[in-house]
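A structural walkthrough
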Amino acid sequence: MDADGLAENIGLYLEKTIKDLMRRRLDKLMEKRLETAEELGVIDRGKFFEIKRFIERPLKHLYKPPAQLKIISDPSGATIHLDDSYGDGTLVEPGQPLVRCGQEVEGAKGDGCGTLIPLEDYIKNFQICPNCGKRHVLDAAGWISALADPGSFHELFRNMTVFDLLPEEDLHGYYREFLDKQKKRSSFNESLVTAHATIHGYPAVLALSDFAFAGGSMGVVFGEKFRLAVEYSRRKGWPLISVCCSGGARLYEGIVALMQMYKTVASLERLKRSGVPYISILADPATGGAIASYAALGDVCLAEPGALVIFTGPRVMKARGFEVQEEAVRSEGLVQTSGETYRQEDYYGDIRGIQEVVPRDGMRRAVARYLEFYARVRTGETKKKGVRPYRRRPQNSLDNSD
C-alpha cells in the first residue's frame, strides 16, 4: 500500500476543500449543513410515501410485559407464601406469574433482595421492587403507562423502518438479523416511539426511547421519527416530551447514525424558535449520543432517581484507566450540581441542568405541573394573531387530524 501517496491525495483534497469553504459565507454554510443533516436517512420515494407517513392510522397502546422479563410460576401447584417483608405476606394462587427481585432477566447478577413479586404488582409499580426499591430499566411501554392518561396514547409513524430510509446495499445480512432479534424483545418496531397523548388531560407529543430495542440506540429511523414528532408538536402547538433511556448511536449504521445527533438538535432549535416547550426526562441510563444531543436540551429537565447521566459509562471509563465517582453522575448528584448554575449565572449562561428528580410513580403529575403552567401562559397570549390556545381537554378527546 502506498501510504505516502494516499496521504498526499488526502492532503490535496483537504486543501482544495478548505479553500472552497473560505470563499463562502458562514451563514450559508450553516444553512447547507442543516439541509444536509435533514436529508440524512430520508430517501425520496415520491409524494405519496411522505403523505402516507403522516396520515397512517395511529396505534392505541395495549400494554404487555416486556419479553425479556424472567417470569416464575410454581410448577408444583402448591400455594407460595411470599416473604413477610413484602406487604402483609400476601398469598398467591398456584401458577400465578411472579418475578424475583434481582433475577428479573436472564443472566442478572442477583443484586436484589430476592423477594418474589406478583407480575401484575411489579408492572403496576413500574418495575420497582416494593420491598427494597431496586429498579429495573423501564421500557417504552412502561414509560407510556407512567406518563399517558389511560386510553389516550396514539402511536405515530409506527410503520417507519430502516428499510424505508437506507439504501438496500447498506442493509447487510448481520444487521437484518440484529433487527429481527430486537423486534422480539420489544412491543415496538424501532428504538424511538412517537405518539400523541394526554397527561392529566393536557395534550402532548411524546418521543420515548425504548431500551428494550437495541438499547434505545439512535439510528436513521430514530432521527427521522424525532424530527417528525417535533414538526407535529409545532403544528399542534402541543409541548414535546421526550424520555431518554439510551446507550447512544447505533454503530451498525456508521456515520449516518452519528449524524442523527445533529439532526435532533436542529429539530429542537426550530421547536424553541416557535415557542413550544420541550420537557426532557432522563431515565436510567441516559448516555452516549442521546445525552450529548437532544436529551440535554430540555427547557425543563427531569430525571428519575438513580439515573446514570453521562456520555461514556463508568464501566467503559474504568476499563480505559479512568476512575469515575459514580454518585456524581447519577441524577441526585447532578441535580445538586445544577444548583451552581443559579449561583454563577455569568459563567453558565443559559445552562441549567436537571430541575427535579422525580420517582416513576410521580412523573405524570410532575410533568402535568409544567403543562398547566404553559397552558396558563398561553392563555394570556391567545389574543396575539396566530397563537393557538392550549388547554386541558376531556380524556380521550384528542383527534387524529393534522
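Keep in mind it's a predicted model, so treat the numbers as computed, not measured.

The next point concerns the overall build of the protein. In terms of regular secondary structure, the protein is built from 16 helices and eleven strands. For the protein, the residues scored as buried account for 46% of the 402 residues in total. Taking contacts inside the protein between residues at least 6 apart in sequence as the whole, the part at least 24 apart equals 70%. Within the structure as shown, the protein displays about 21100 Å² of accessible surface, and the carbon and sulfur contribution to it stands at 54%.

The next subject is the packing of aromatic side chains. Following the criterion strictly, the structure yields nine aromatic pairs and no others. Relative to F178, the ring of Y175 lies with its centre 6.3 Å away and its plane at 25 degrees, an arrangement referred to as stacked. Taken together, the residues span about one helical turn, with Y175 and F178 both in helix α7 (residues 173-185) at a distance of three residues. F178 carries the same exposure label as Y175, and that label is buried. An angle of 50 degrees between the planes, with centres 5.0 Å apart, marks the rings of F226 and Y294 as tilted.

In this model, the protein carries an average pLDDT of 82, and 81% of its residues clear a pLDDT of 70 or more. Low pLDDT, under 50, characterises residues 75-88; the predicted model gives this stretch 26 contacts beyond four residues in sequence or across chains.

Turning to the layout of surface pockets, a few remarks are in order. Estimates place the volume of the largest pocket at around 1300 Å³. Contributing to the lining of the largest pocket are 34 residues, with V137, F211, D284, P285 and R315 lying nearest its centre. The set of elements that each furnish at least two residues to the lining of the largest pocket consists of β8 (278-287) and α12 (314-319). For the lining of the largest pocket, the leading source of residues is α12, giving four residues. There is about 510 Å³ of room inside the second largest pocket. Along the wall of the second largest pocket there are 21 residues; nearest its centre are A296, I351, R352, G353 and I354. Looking at the lining of the second largest pocket element by element, the count peaks at three residues for helix α13 (residues 331-338). Across the lining of the second largest pocket, the residue classes break down as eleven nonpolar, six polar and four charged.

Attention shifts here to a nonpolar patch on the surface. On the surface, L6, I10, Y13, L14, I18 and M22 cluster together into a nonpolar patch covering about 660 Å² of accessible area. Judged by relative accessible area, which is 40%, L6 ranks as partly exposed.

This brings us to the pairing of β8. Among the ten residues in β8, ten count as buried, and that is most of the element. Pairing of strand β7 (residues 240-246) with β8, which is carried by six bridges, proceeds in the parallel orientation. The partner of I241 across the bridge, within β8, is I279. As paired elements, β8 and strand β9 (residues 300-303) share four bridges and run parallel to each other. Bridge pairing in β9 places I281 opposite L302. By the bridge criterion, two bridges tie β8 to strand β10 (residues 309-310) in an arrangement that is parallel. Bridging across to β10, T287 finds its partner in I310.

Between helix α8 (residues 220-236) and helix α10 (residues 260-273), the least distance of the axes is 9 Å, while the angle of their chain directions is 5 degrees. Taken together, the axis directions place α8 and α10 in an arrangement best described as roughly parallel. Contacts between α8 and α10 pair V220, G223, E224, F226, R227, V230, E231, S233 and R234 from the former with Q260, K263, T264, S267, L268, R270 and L271 from the latter. Its residues assigned to classes, the contact of α8 with α10 comprises five nonpolar, five polar and six charged.

Parameters at a glance
Every chain's residues receive numbers from 1 upward, in the order its sequence appears when written. pLDDT decides what is reported in this predicted model: residues at 70 or higher carry local features, side-chain atom pairs at 80 or more are listed and counted, and totals for whole chains, interfaces and linings draw on all residues regardless. Side-chain measures were taken over the full set of non-hydrogen atoms in the model, leaving aside hydrogen atoms and water. Runs of E in the DSSP output that reach at least two residues are strands. Runs of H or I that reach at least four are helices, and both are numbered from the N terminus. Think of it in three bands: residues with accessible area under 20% of the maximum for their type are buried, residues over 50% are exposed, and the middle band is partly exposed, with areas taken using a 1.4 Å probe on protein chains only. Working rule for contacts: check all heavy atoms of both residues, and any pair within 4.5 Å makes them a contact. All accessible-area figures derive from a Shrake-Rupley calculation using a 1.4 Å probe, and residue coverage is judged against the displayed protein chains alone. Ring geometry is summarised as follows: Phe, Tyr and Trp rings, the Trp one being its six-membered ring, pair when their centres sit within 6.5 Å, and such pairs are stacked at plane angles under 30 degrees, edge-to-face over 60 and tilted between the two. The score called pLDDT rates the predictor's confidence residue by residue, from a low of 0 to a high of 100. The distinction between a cavity and a pocket rests on a 1 Å grid over the protein atoms alone: a 1.4 Å probe fits inside a cavity but cannot get out, while a pocket stays open yet meets protein on both sides within 12 Å along at least five of seven lines, and a residue with an atom within 4 Å of a point counts as lining. Grid points are joined across faces, edges and corners, and a volume is the space filled by probe spheres set on the points. Charged means Asp, Glu, Lys or Arg here, nonpolar means Ala, Val, Leu, Ile, Met, Phe, Trp, Tyr, Cys or Pro, and polar covers whatever is left, Gly included. For patch detection, residues must exceed 30% relative accessible area and be free of salt bridges, and they are connected within 9 Å for like charges or within 5 Å for nonpolar side chains (Val, Leu, Ile, Met, Phe, Trp, Tyr). Salt bridge, as applied in this entry: a Lys or Arg side-chain nitrogen positioned within 4 Å of an Asp or Glu carboxyl oxygen. Strand pairing requires that DSSP identify at least two bridges connecting the strands. Lines fitted to C-alpha atoms define the axes here, with helix axes fitted over just the stretch in contact, and angles between the N-to-C directions of these axes take values from 0 to 180 degrees. Under this scheme an angle from 65 to 115 degrees is roughly perpendicular, one under 35 degrees roughly parallel, and one over 145 degrees roughly antiparallel; angles in between are oblique.

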